[in-house]
Amino acid sequence: MKSILITGGAGFIGSHTCLLLLEKGYIIFIVDSFINSSDQSIERISTILKKQGINIEGRIYLIKGDLKKKCDIEKVFEMSFTLQKNIECVIHFAGLKSVFDSVRKPINYWENNVNGTINLLKVMEKYNCRNIVFSSSATVYKINTSEPVGENDPCQPVNPYGNTKLAIEKFLNDLYKSQPNSWRIACLRYFNPVGAHESGLLGECPLNRPNNLYPRITRVAIGKIDKIKIFGLDWPTRDGTCIRDYIHVMDIAEGHLLTLDHLLKEKSQFLTLNLGTGKGTSVIELIRKFEKVNNVKIPFSFDKRRIGDSPFVVADNSLAMSILNWTPKKNIDDACRDGWNWQLKNPNGF
Ligand code: NAD
Ligand code: WQD
């Protein structure tokens, strides 16, 4: 059984990935500062697995720690050594992710995301762990208007959050080049992760008011927000609203498992892969879909364009599909149903 360190494992995508890793038999060490999550997500993972009759005794270790403190990361690696469950690979989700906050607090974002990652890589090197999967984002790409974006397309983020993601990708690439034949690194650029685990026990639970469309839709449906303000009806798209590539969080989680398999069995490499469905959905289409699938009403009105938005962000996902043998299995209906099931069962989060 391989041991994997999951940074930010209590968060939205991290928790769904932890669940799959435990289902597949991995030993996991989770380090999280809980700045945007709670340990309840880990409790829920245990509940789901217990229901499935899967024994996780001795396979899950949760450590409260902050990547900004190198000693917190060292503690985790020390622990894995003491337990003789040496960490073989890191899946690095931990990071701050609000575009809006990053514009107001760039120091926090650079310190947390970039310094945190540098600390992590220093400790990994010290403990001879040179395999990492990094959570990057479609936000690194240069704004385009109508074509699915491929990994080799130009990158030019337009906000501090995106700048930190691209800076980390470049840092990881420098590291890889400094010691060829040593590091195995994958940067996964997620598009718009949505939905929740089908049990309704695990889902997205941001601690602050969400800025993203999907969690706002579920909050409107549950009555916590009055309506959706749609940012712009004058975009050059089929209905005038922006188009995005919404991908079910379980498909993203699955992408991590396959990336892990791929990295650990292949030679040293630096990989960059888009994790998206390749299908675009407009804001109005997503709202209508959510209403139809769940038989709920989502009031909306139109507002002006949001600064920094792009009319069309859809993945060319062919590289991930061919390299990982990965195919997104869930569609937008599944995402709408599962996200609503989660919100209904947990109106106040965990
Ligand atoms: P999330 O906020 O739910 O999870 C991130 C987790 O990292 C949280 O549990 C948080 O407490 C933890 N964390 C943050 N800083 C930390 C630190 N310094 N030390 C320890 N723990 C820390 O976010 P998510 O949606 O699960 O995203 C996971 C990763 O994927 C992030 O890096 C994010 O930037 C990236 N990403 C997310 C999306 C998205 O739309 N959800 C899209 C593209 C990329
Ligand atoms: C989607 C669409 C909005 C809210 C962001 C990050 C990206 C990645 C995913 C982390 C846009 C519109 C939104 C609302 C609206 N995260 N919208 N009313 O901007 O595609 O991507 O999250 O890496 O980096 O930038 O996602 O959900 O904010 O917006 O009309 O109240 O919904 O204009 O067209 P986005 P989003």
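I tried to follow the site of ligand 1 on my own but got confused; where do I start?
Near ligand 1, the surroundings consist of 27 residues, among which D32, N36, S37, F93 and Y161 are the closest. Contact between ligand 1 and F34: an oxygen atom at 3.5 Å from a main-chain N or O atom of the residue. For ligand 1, a nitrogen atom lies 2.9 Å from a polar atom in the side chain of D66. Coverage of ligand 1 by the protein amounts to 95% of the 820 Å² it exposes when considered alone. Of all the secondary-structure elements, those providing two or more residues to the shell around ligand 1 are helix 1 (12-23), strand 5 (131-137) and helix 6 (160-178). Sorting elements by how many residues they give to the shell around ligand 1 places strand 5 first, with three residues. Split into classes, the residues belonging to the shell around ligand 1 amount to 12 nonpolar, 11 polar and four charged.

Which parts of the structure should I look at to understand the site of ligand 2?
The immediate surroundings of ligand 2 are formed by 18 residues, with Y161, R216, R244, R306 and D309 found nearest. Contact between ligand 2 and L213: an oxygen atom at 2.8 Å from a main-chain N or O atom of the residue. In the model, an oxygen atom of ligand 2 is placed 2.5 Å from a nitrogen or oxygen of the R244 side chain. Of all the elements in the fold, those that place two or more residues in the shell around ligand 2 are helix 7 (213-222) and strand 8 (228-231). Sort the elements by how many residues they give to the shell around ligand 2 and strand 8 lands first, with three residues.

I'm lost on the sheet that holds strand 12 (residues 281-282) in this one. Help?
Hydrogen bonds between backbone atoms are what pair the strands of a sheet, whose relative direction is either parallel or antiparallel. On the basis of which strands lie adjacent, the open sheet formed by three strands has the order 12-9-14 and mixed pairing. If you trace the sheet from one side to the other, it starts and ends with strand 12 and strand 14 (312-313), each paired once. Bridge analysis of strand 9 (residues 243-244) against strand 12 gives two bridges, and the strand direction is antiparallel. Considered in strand 12, the bridge of I243 is made with S282.

Just checking my understanding: could you explain the nonpolar core for this structure?
Soluble globular proteins tend to bury their nonpolar side chains together. Counting residues in hydrophobic clusters, the biggest one holds 43 residues, and the most contacted among them are I6, L21, I28, I45, I91 and L260. In terms of residues, this core owes the most to one element, helix 8 (residues 249-265), which gives eight residues. Those residues within four positions of I6 in sequence are excluded, and the remaining contacts are C18, L21, I28, F29, I30, V31, I91 and F93. Core analysis: the next-biggest nonpolar cluster, separate from the first, contains 27 residues, V31, I63, V90 and C187 among them.

Explain the packing of helix 7 against helix 9 (residues 283-294) here, please?
The relative placement of two packed helices comes down to the angle between their axes together with the axis-to-axis distance. At a closest axis distance of 11 Å, the pairing of helix 7 and helix 9 adopts a crossing angle of 40 degrees. Judged by the inter-axis angle, helix 7 sits oblique to helix 9. Every pair of crossing elements has a handedness; the one defined by helix 7 and helix 9 is right-handed. Contacts between helix 7 and helix 9 involve L213, Y214, I217, T218 and A221 on the former and, on the latter, V283, L286, I287 and F290. A class-by-class count of the residues in the contact of helix 7 with helix 9 yields eight nonpolar, one polar and no charged.

It is not clear to me how the packing of aromatic side chains should be interpreted in this structure. Could you clarify?
The description of an aromatic ring pair uses the distance of the two centres, along with the angle that the planes make with each other. Under the criterion given, the structure shown has nine aromatic pairs. With 5.3 Å between their ring centres and 25 degrees between their planes, F77 and Y127 make a pair best called stacked. A residue pair is termed long-range when its members are at least 10 positions apart, and F77 in helix 3 (residues 70-82) and Y127 in the loop between helix 5 (106-126) and strand 5 qualify at 50 residues. Each of the two residues, F77 as well as Y127, counts as buried. Feature note: the residues F77, F81 and Y127 constitute an aromatic cluster, connected by ring pairs. Seen from the ring of W235, R305 lies directly overhead, with NZ or CZ sitting 3.9 Å from the centre.

Would you take a moment to explain the environment of V283 for this structure?
By the secondary structure assignment, V283 is in helix 9. For V283, a relative accessible area of 12% puts it in the buried group. Residues V283 and A335, spaced 52 residues apart in sequence, show a C-alpha to C-alpha distance of 15 Å.

Parameters at a glance
- Residues numbered from 1 in each chain as written.
- Chains lettered and ligands numbered in written order.
- Predicted model: local features only at pLDDT ≥ 70, side-chain atom pairs only at ≥ 80, totals over all residues.
- Heavy atoms only, no water.
- Near = heavy atom within 4 Å.
- Polar contact = N/O pair within 3.5 Å; in protein donor to acceptor, adjacent residues only side chain to side chain.
- Areas by Shrake-Rupley, 256 points an atom, 1.4 Å probe, with all protein chains shown as cover.
- Helix = DSSP H or I, 4+ residues; strand = E, 2+ residues; numbered from the N terminus.
- Nonpolar A, V, L, I, M, F, W, Y, C, P; charged D, E, K, R; others polar.
- Pairing = 2+ DSSP bridges.
- Core = buried A, V, L, I, M, F, W, Y, C linked by side-chain atoms within 4.5 Å.
- Buried < 20%, exposed > 50% of the residue type's maximum accessible area, 1.4 Å probe, protein only.
- Contact = heavy atoms within 4.5 Å.
- Axes fitted to C-alpha atoms, helices over the stretch in contact; angles between N-to-C directions.
- Parallel < 35°, antiparallel > 145°, perpendicular 65-115°, else oblique.
- Left-handed = near helix turned anticlockwise from the far one by under 90°.
- Phe/Tyr/Trp six-rings, centres within 6.5 Å; stacked < 30°, edge-to-face > 60°.
- Lys NZ or Arg CZ within 6 Å of the ring centre and 35° of its normal.

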